[in-house]
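So the chains spell out like this:
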Amino acid sequence: MTAVETQILLNKLQSSIKQLELTNKGALTALEFRLDAILQANLDTFWLLICAILVFLMQAGFMCLESGLSRNKNSINVALKNITDFGIAVVVFWAFGFALMYGTSVSGLFGNKFYFFTTKVAGYQTYFVFQAMFVATAATIISGAVAERLKFISYIIITFFASGFFYPIVGHWSWAFNFENPSQKFGWLGKLGYLDFAGASVVHSVGGWIALAVLLVVGNRTGRFREDGVHKRFQGSNIPIAALGALILWFGWFGFNGGANGAMDLKVPLILINTFLSASFGLIFSSIMGVLILKKPEPLFMITGPLAGLVSITASCAYVDPADAIIIGSIGGIISGSTIILLEKIQIDDVVSAIPVHLASGIWGTIAVALFGNFEMMGVEKTRLEQLFIQLIGIGSIGSFCFFGSFIIFKTINSFFPLRVGKIQEELGLNISEHNASTDTHELLEVLTKQAKSEDYSNRAPQDPFTDSGIIGTQYNVLMNKLEQTEKQKNKWKNRVSQEIKLAMNVQKRLMPKRDIKNYPIFGLNIPAREISGDFYDFYLHDDEVYFTLSDVSGKGVNAGMVMAKAITLFKVFAKQKFKPNEILLEMNNDLKQTNPPGTFITSIVGKYNLKTDLVEIANAGHQPALLKTEKNFKEFPSSSMPLAVANHKDESVYNLESFHLNNGRIYCFTDGFSECMDENKIEIGIDGVKELILKHENSSLKKELENATEEIRLKSLKKDSFEKGGIKENNDILDDDLTIIGIGK
C-alpha cells in the first residue's frame, strides 16, 4: 500500500470515529455513571471490611480489659472465654442467627431465611462479616461481668443463647430491612420509627441485660460482700493491661460506629469526630466523679469512662453535632460512674463494670437520639416527644425480652445443671480448676504452701532468670539453703536440750513421794511441763496422822529445782518432829529466806490430818485457797500471809492455823495450773471452775476422782510442739504449766 492510499484510509477511519462519537454520546455518559457506581460500591465494600477488622480487634481489647481487671488466678480462664465466645458466636450466627435477624420477616418478630448463610454476592458477604463481628461483641460483654465464678461450659451455653437467640431477634426488631430497598424496614420496632444507628441498645444493652440476669442467677463472688456489711474489693491482676484493653476498644470503635454507616461517604468524618469526642469527655467526667467520691483518681472510673462515652454516642453518632456528642459523652461517663456506685450499694458483683458501661450508658445513648438528634438529617418527621416515646418503647421491649427471657432460661438450667463452680474451685482459681493451667506465680506459691505445711526445708522453688517469680524463687532458694543449715544445727541442739529436759522431768518425778499410802485416805498427782518446775507435793506419815504439803516455787529450771529439794527436806524434818503446820511454815520461811537465790519465793500449804479424830489443821502461805468439799458445798481457806522466803518472821502467828473436822468431806489443794486453765472462750476457769471440775468427776475413789479431773485439765492445757528424730519430725504434746493436786478424805 502506497502512502497516498494509507492517508485516504486514515481519513475515512477518523470520519467514522467522529460519526460514532456523535451517535453514542448518551451511552458513554451512562457508562461513566456506571463506572462511578462500581467504584463507590467497591469503596464501600473495602470500608466495611476494614471496619469489620477493627471491630474484630475489639475482641482483643475485651480480652485485655477483662483479664486485667480479674484476679491473676482467673486470668487464663477469662482470656480463653474471649477466644471461645468469638468462635461460637460466629458459627451460631452463620448457622441460624443471621437468618433470624435478616431473613424474611415473620410478623416483624424474627426472620426465616438465609440459614447456613451462603451467597456469591460480595455485598451480602461483606455485610454478613460485619454483622458477625457485632454479634461477637454482644456475647463477650457478658464474659467480663460474670467472670471468676462460672463453669466454662456454662459460659458456652450463655454465649449460644446470646448470639443465636437474643441478639438476632432484637436485631430483627430494630434493623431488619429489604436488601433490594434498604429504606423498607421489616422489624416491628424499625417500622415504628425506632432509631439506633450502631447498636447502643441492639448490641450493648442486649449484652448488659443478659449479664445482669446471669449475675442474679449465679450470685456474687465468694467473699465480695460479707454478711457483716464489709465490701471487699478484689484487686485486678494487671491494671496496665486493662488500660491497654480500653485503648484497643477505643481504637476499634471507629470501625464499630464508622462501619454501621454501611458506606464510605461524607457522613464518616462526622461519625468519627463524634466518636472520639464523646469518649474523651466520658473519660474526663467519669474520672472527675471518681476523684470527688473516692478522693483519688480511681483506675476503674478512668478505664470505664471512655467506654461509657463510646457506648453513649453509638446510637446517635451520625445524627448529632460534635457539641451534642460532647454532652452525650459527658453524661454517659457520669451515668456509668453512678451505676458503679449503685451496684456496690445493692451488692451486685460486676467484675469489669459491664452493666454500668454497656447497659446504663446504652440506655442513655438510645434516649439521647430523641433529645439531640438532627431530625432533618435522620429523615424523621415526628416531634422530639414522639420520638422519645418510641425510643422508650424500644428500650423497654428490648430490656424485658432480654432480661426476663435470659433470667428464666438460665434460672431453669441452673436448677438442674449448676452454672457456677464450687467454692473450693472458686477459691483455687478457674485457671487450675477449669483448665488445669498454672502460672509461674502459682507454681511458686504452691511450693511455699507445701513447704509451710510439711516444714520440709529441702523443697526448692522454681528458678527462672527471665520472670519476676523465677527471680524471687532463685533468691528464696538461696535463703532456704542457709535456713536448712541453720535448722539442722537448731535440731541438733534441740535434741540435746530435749534429752536434758526429759532427765530433769525424771529427777522431779523422783522427788515426789513414793511411800505406800494405800491405807491412808490421801492421794496426789504431779504432771510437770517440759522442764524442772517448782510445783511439788509431799506426805509424811505417822501411825495415826498424815502431814501433807503442796507448794509452788517461783520460776523454773535448775534454781527452782534446788529450792524445791530444799523445801521438801525442811518439810520432812519438821513433820517428823510433829510441828504444827504454821510452825513448819515459819521454820521453812526463815531457812529459805537465808539460802534462796534473790527474788525466789514459794507459795505453800502445809496441813495435818488425824485419822482417829478426823481433825484437819491447815496453814496457807500465799497459795491458792484450799477447798473443803462437804456433799456439794465448798468452803475456801485462803491465804492471809505472804509467800515463804520473802521476809523473816519471829513467830508462827503470821500464818493463820485453821482447824476443822472433815465429816466425810474431802479437802483439795492445787497449783495455778488448774485455776489458770483456759475454757472454750479462752477465759481462765478460776477457783469456781476447779470446784465445778471436782463435782463433775466426783467419785467414791479419791484416786480416780483426781486422775479424771487432772486428765481433763491436761487435755485443755496441751499445746503442740514438734521435734526431729533421725530426720523425721514427730509431735510432742507439752503443757503450758505444771499440774499438781492433792486430796485428803475418804
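Fair warning: this is a prediction, and the values are worked out from it, not measured in the lab.

Draft legend 1. Quick peek at the environment of Pro168. Counting through the fold element by element, Pro168 comes out in helix H5 (residues 152-175). Look at Pro168 and you get buried, because its relative accessible area is 0%. Along the sequence, Pro168 and Phe110 sit 58 residues apart, while their C-alpha atoms lie 7.9 Å from each other. In contact with Pro168, other than residues within four places in its own chain, are Gly97, Leu100, Met101, Ala162 and Ser163.

Draft legend 2. Quick peek at the packing of helix H7 (residues 200-218) against helix H12 (residues 354-372). Direction vectors running N to C along H7 and H12 enclose 135 degrees, while the axes themselves pass 8 Å from each other. Classed by the angle they form, the pair H7 and H12 counts as oblique. H12 is crossed by H7, and the crossing has left-handed handedness. For the pair H7 and H12, contact is made by Ala200, Ser201, His204, Ser205, Gly208, Trp209, Leu212 and Leu215 and by Ile355, His358, Leu359, Gly362, Ile363 and Thr366, respectively.

Draft legend 3. Looking closely at the sheet that holds strand S7 (residues 545-553). If you trace the five strands from one edge of the open sheet to the other, you get S6-S7-S8-S9-S12, paired in antiparallel fashion. Only two strands of the sheet have a single neighbouring strand rather than two, namely strand S6 (535-541) and strand S12 (657-661). Across the sheet, the mean angle separating the axes of adjacent strands is 15 degrees when strand polarity is ignored. Sheet topology note: the S6/S7 ladder contains seven bridges and is antiparallel. Along S7, the bridge assignment pairs Asp538 with Thr549.

Draft legend 4. Broad picture of the pairing of strand S10 (residues 626-630). A large share of S10 lies buried, amounting to four of its five residues. Note that S10 and strand S11 (residues 633-637) share five bridges and pair antiparallel. Within the sheet, the bridge partner assigned to Leu628 lies in S11 and is Lys635. Pairing analysis gives three bridges linking S10 to strand S13 (residues 666-670), with the strands arranged antiparallel.

Draft legend 5. Looking closely at the sheet that holds strand S5 (residues 522-527). Pairing within the open sheet is antiparallel, and its five strands lie in the order S5-S16-S13-S10-S11. Each of the sheet's edge strands pairs with one partner strand only, and the pair in question is S5 and S11. If you compare each strand with its neighbour and ignore which way they point, the axes differ by 15 degrees on average. Set on the sheet, helix H22 (residues 686-696) makes contact with S10, S11 and S13; between it and S10 the angle comes to about 40 degrees. Taken strand by strand, helix H23 (residues 702-717) contacts S5, S13 and strand S16 (739-744), and its axis lies near 20 degrees from that of S5.

Draft legend 6. Fine view of the packing of aromatic side chains. Using the criterion set out here, one finds 36 aromatic pairs in the structure. Their ring planes at 65 degrees and their centres at 6.2 Å tell us that Trp209 and Phe403 sit as a pair that is edge-to-face. Highlighted residues: Trp209 in helix H7 and Phe403 in helix H14 (residues 384-416), separated in sequence by 194 residues. With respect to burial, Trp209 and Phe403 carry one shared label: buried. Ring geometry for Trp364 and Phe372: centres 6.3 Å apart, planes at 80 degrees, overall edge-to-face. For the pair shown, Trp364 and Phe372 are each scored as buried. What links up through ring pairs into an aromatic cluster is the set Phe93, Phe98, Tyr102, Phe114, Phe117, Tyr127, Phe128, Tyr167 and Phe177. Stacked on the ring of Phe234, the Lys or Arg Arg71 has its end atom at 4.0 Å from the ring centre.

Draft legend 7. Quick look at H23. Here H23 spans 22 Å end to end across 16 residues, near enough to the 22 Å set by a 1.5 Å rise per residue. If you check which residues of H23 are buried, you get Leu702, Glu705, Leu706, Ala709, Thr710, Glu712, Ile713 and Ser717. Seen along its axis, H23 keeps its buried residues to an arc of 155 degrees; they face one direction.

Draft legend 8. Broad picture of the pattern of salt bridges. Enumeration over the complete set of coordinates arrives at 19 salt bridges. Put simply, Lys691 and Glu636 hold a salt bridge, and the shortest N to O gap is 2.9 Å. One end of the pair, Lys691, is in helix H22; the other, Glu636, is in strand S11, with 55 residues separating them in the sequence. Judged by relative accessible area, Lys691 falls into the buried class, the value being 15%.

Draft legend 9. Seen up close, a nonpolar patch on the surface. A contiguous nonpolar surface patch, about 560 Å² in accessible area, is contributed by Ile284, Phe285, Ile288, Leu292, Ile293, Leu294 and Ile334. Take the nonpolar patch: its biggest share by element is six residues, from helix H9 (residues 267-294).

Draft legend 10. Looking closely at the nonpolar core. If you look at the biggest cluster of nonpolar residues, it comprises 107 residues, and the most contacted ones within it are Tyr167 and Ile210. The contact partners of Ile210, leaving out residues within four places of it in the chain, are Ile142, Ile158, Ala162, Phe166, Cys402, Ser406 and Phe410. Formed by 25 residues, the second largest nonpolar core is a distinct cluster that contains Tyr540, Ala560, Val563 and Phe571.

Draft legend 11. Layout of the packing of helix H8 (residues 239-260) against helix H10 (residues 299-314). For the pair H8 and H10, interaxial distance at closest approach is 10 Å and the crossing angle is 10 degrees. As far as their axial angle goes, H10 and H8 are roughly parallel. Where H8 approaches H10, its residues Ile239, Ala242, Ala243, Ala246, Leu249, Trp250, Trp253, Phe256 and Asn257 are matched on the opposing element by Pro299, Ile303, Pro306, Leu307, Leu310, Val311, Ile313 and Thr314. Grouping the amino acids of the contact of H8 with H10 by side-chain chemistry returns 15 nonpolar, two polar and no charged.

Draft legend 12. Just H7, in detail. Between the first and last C-alpha of H7 there are 26 Å, a value that for 19 residues agrees with the 27 Å anticipated at 1.5 Å per step. Along its length, H7 shows its largest kink, about 25 degrees, at Val206. For H7, the buried fraction is high: 18 of the 19 residues fall into the buried class.

Each value, and the rule that gives it
Residues numbered from 1 in each chain as written. Predicted model: local features only at pLDDT ≥ 70, side-chain atom pairs only at ≥ 80, totals over all residues. Heavy atoms only, no water. Helix = DSSP H or I, 4+ residues; strand = E, 2+ residues; numbered from the N terminus. Buried < 20%, exposed > 50% of the residue type's maximum accessible area, 1.4 Å probe, protein only. Contact = heavy atoms within 4.5 Å. Axes fitted to C-alpha atoms, helices over the stretch in contact; angles between N-to-C directions. Parallel < 35°, antiparallel > 145°, perpendicular 65-115°, else oblique. Left-handed = near helix turned anticlockwise from the far one by under 90°. Pairing = 2+ DSSP bridges. Phe/Tyr/Trp six-rings, centres within 6.5 Å; stacked < 30°, edge-to-face > 60°. Lys NZ or Arg CZ within 6 Å of the ring centre and 35° of its normal. Expected span 1.5 Å × (residues − 1). Arc of directions from axis to C-beta. Salt bridge = Lys/Arg side-chain N within 4 Å of Asp/Glu carboxyl O. Patch = residues over 30% accessible without salt bridge, like charges linked within 9 Å, V, L, I, M, F, W, Y side chains within 5 Å. Areas by Shrake-Rupley, 256 points an atom, 1.4 Å probe, with all protein chains shown as cover. Core = buried A, V, L, I, M, F, W, Y, C linked by side-chain atoms within 4.5 Å. Nonpolar A, V, L, I, M, F, W, Y, C, P; charged D, E, K, R; others polar. Bend = angle between axes of the 7 residues up to and from the residue.

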